[in-house]
Amino acid sequence: MDEYKEKILKVCNESSKNTLMQTLDIEYVEIGENFLVGKMPVTPKVHQPDGVLHGGAMVALAESVGSMASYIFLDAQKYFVRGIEISANHIKSVSSGEVFAKATILHKGMTTQLWDIKITDAEDQLISICKLTTIALPKK
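Since we're looking at a predicted model, the values are computed, not measured.

Colleague: An account of helix 1 (residues 2-14) is needed here, citing residue identities and associated values.
Modeller: Over its 13 residues, helix 1 runs 18 Å from end to end, which matches the ideal 18 Å to within 8%, given 1.5 Å per residue. The complete set of buried residues in helix 1 reads I8, L9 and C12. Along the long axis of helix 1, the arc covered by the buried residues comes to 95°, so they all point the same way. In helix 1, those exposed residues whose orientation departs by more than 90 degrees from the buried face are E3, E6, K7 and K10. Where the residues of helix 1 are buried, they touch strand 1 (27-31), strand 2 (35-42) and helix 3 (55-73).

Colleague: Explain the confidence of the model for the protein chain to me, and be specific about the residues and the numbers.
Modeller: Reading predicted coordinates in detail is not appropriate for stretches of low pLDDT. Confidence in the prediction for the protein chain averages 95 pLDDT; 99% of positions are at 70 or higher. Per-element confidence in the protein chain is highest for strand 2, whose mean pLDDT is 98, and lowest for helix 1, whose mean pLDDT is 92.

Colleague: I'd like a rundown of the pairing of strand 5 (residues 112-121), residues and numbers included.
Modeller: With 7 of 10 residues buried, strand 5 lies mostly within the body of the structure. Summarising the sheet, strand 4 (residues 97-108) and strand 5 pair through 9 bridges and their orientation is antiparallel. Bridging from a neighbouring strand, A101 pairs with I119 of strand 5. Between strand 4 and strand 5, which pair antiparallel one after the other, the connecting turn spans 3 residues. Both strand 5 and strand 6 (residues 126-138) contribute to a ladder of 9 bridges, which runs antiparallel. Directly across from T112, in strand 6, lies its bridge partner I135. The loop that links strand 5 with its antiparallel partner strand 6 comprises 4 residues; one of these, D124, has a positive phi angle of about 65°.

Colleague: Could you give me a rundown of the pattern of salt bridges, with the residues and numbers involved?
Modeller: Tallied over the entire structure, the rule returns 4 salt bridges. D25 serves as the salt-bridge partner of K45, at 3.0 Å between the closest nitrogen and oxygen. Here D25 lies in the loop between helix 2 (20-23) and strand 1 and K45 lies in the loop between strand 2 and helix 3, a separation of 20 residues in the sequence. Residue D116 is joined to K131 by a salt bridge in which the shortest nitrogen-to-oxygen separation is 2.6 Å. One end of the pair, D116, is in strand 5; the other, K131, is in strand 6, and 15 residues separate them in sequence.

Colleague: How would you sum up the pairing of strand 6? Please name residues and give values.
Modeller: Bridge analysis of strand 3 (residues 79-90) against strand 6 gives 11 bridges, and the strand direction is antiparallel. Paired with N89 across the strands is I129, a residue of strand 6.

Colleague: Outline the layout of surface pockets, listing residues and values.
Modeller: What the largest pocket holds in volume is close to 300 Å³. Every residue lining the largest pocket is counted, 15 residues in all, and those nearest its centre are Y4, I8, I31, I72 and F73. Every element with two or more residues in the lining of the largest pocket is listed here: helix 1 and helix 3. The element contributing the most residues to the lining of the largest pocket is helix 1, with 6 residues. The residue inventory of the lining of the largest pocket, partitioned by class, reads 11 nonpolar, 1 polar and 3 charged. Approximately 230 Å³ is the volume attributed to the second largest pocket. Residue lining of the second largest pocket: 14 residues in total, with S67, M68, Y71, V81 and R82 positioned closest to the centre. Listed by contribution, the elements that provide at least two residues to the lining of the second largest pocket are helix 3 and strand 3. When its residues are assigned to classes, the lining of the second largest pocket shows 8 nonpolar, 4 polar and 2 charged.

About the criteria used
Residues numbered from 1 in each chain as written. Predicted model: local features only at pLDDT ≥ 70, side-chain atom pairs only at ≥ 80, totals over all residues. Heavy atoms only, no water. Helix = DSSP H or I, 4+ residues; strand = E, 2+ residues; numbered from the N terminus. Expected span 1.5 Å × (residues − 1). Buried < 20%, exposed > 50% of the residue type's maximum accessible area, 1.4 Å probe, protein only. Arc of directions from axis to C-beta. Contact = heavy atoms within 4.5 Å. pLDDT = per-residue confidence, 0-100. Pairing = 2+ DSSP bridges. Salt bridge = Lys/Arg side-chain N within 4 Å of Asp/Glu carboxyl O. 1 Å grid on protein atoms, 1.4 Å probe; cavity = no way out; pocket = protein on both sides within 12 Å on 5 of 7 lines; lining within 4 Å. Points joined across faces, edges and corners; volume = space filled by probe spheres on them. Nonpolar A, V, L, I, M, F, W, Y, C, P; charged D, E, K, R; others polar.

Here it is, written out as structure tokens:
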């Protein structure tokens, strides 16, 4: 099973080349039965002017991980996945290190999916909570 998980993570990370995920150095690092984890380094390129992690970068991390999770857990041969709504509550500031986004499915409908995405630091302190709604659109 670990070999299968590693293969999925490799495909996810390869699909990020030449995208926003590569620009932000987002890497998918763990997968489970109903969740996906991605990490992003906190460096000056994702800071806001006062030197802390930009909320928009956290939202981009959350949507990237949640959307990729939808892609993994739905039939990607038959459907396109798109984010249709995201909300975020930023709880704590961080200025260095790494942050981790864990997307866990709350609702897996045929058309829409609801993801709970918690962003934490390396000490597992909660930084942000996001909710993402995705839609699965049939490929023509």
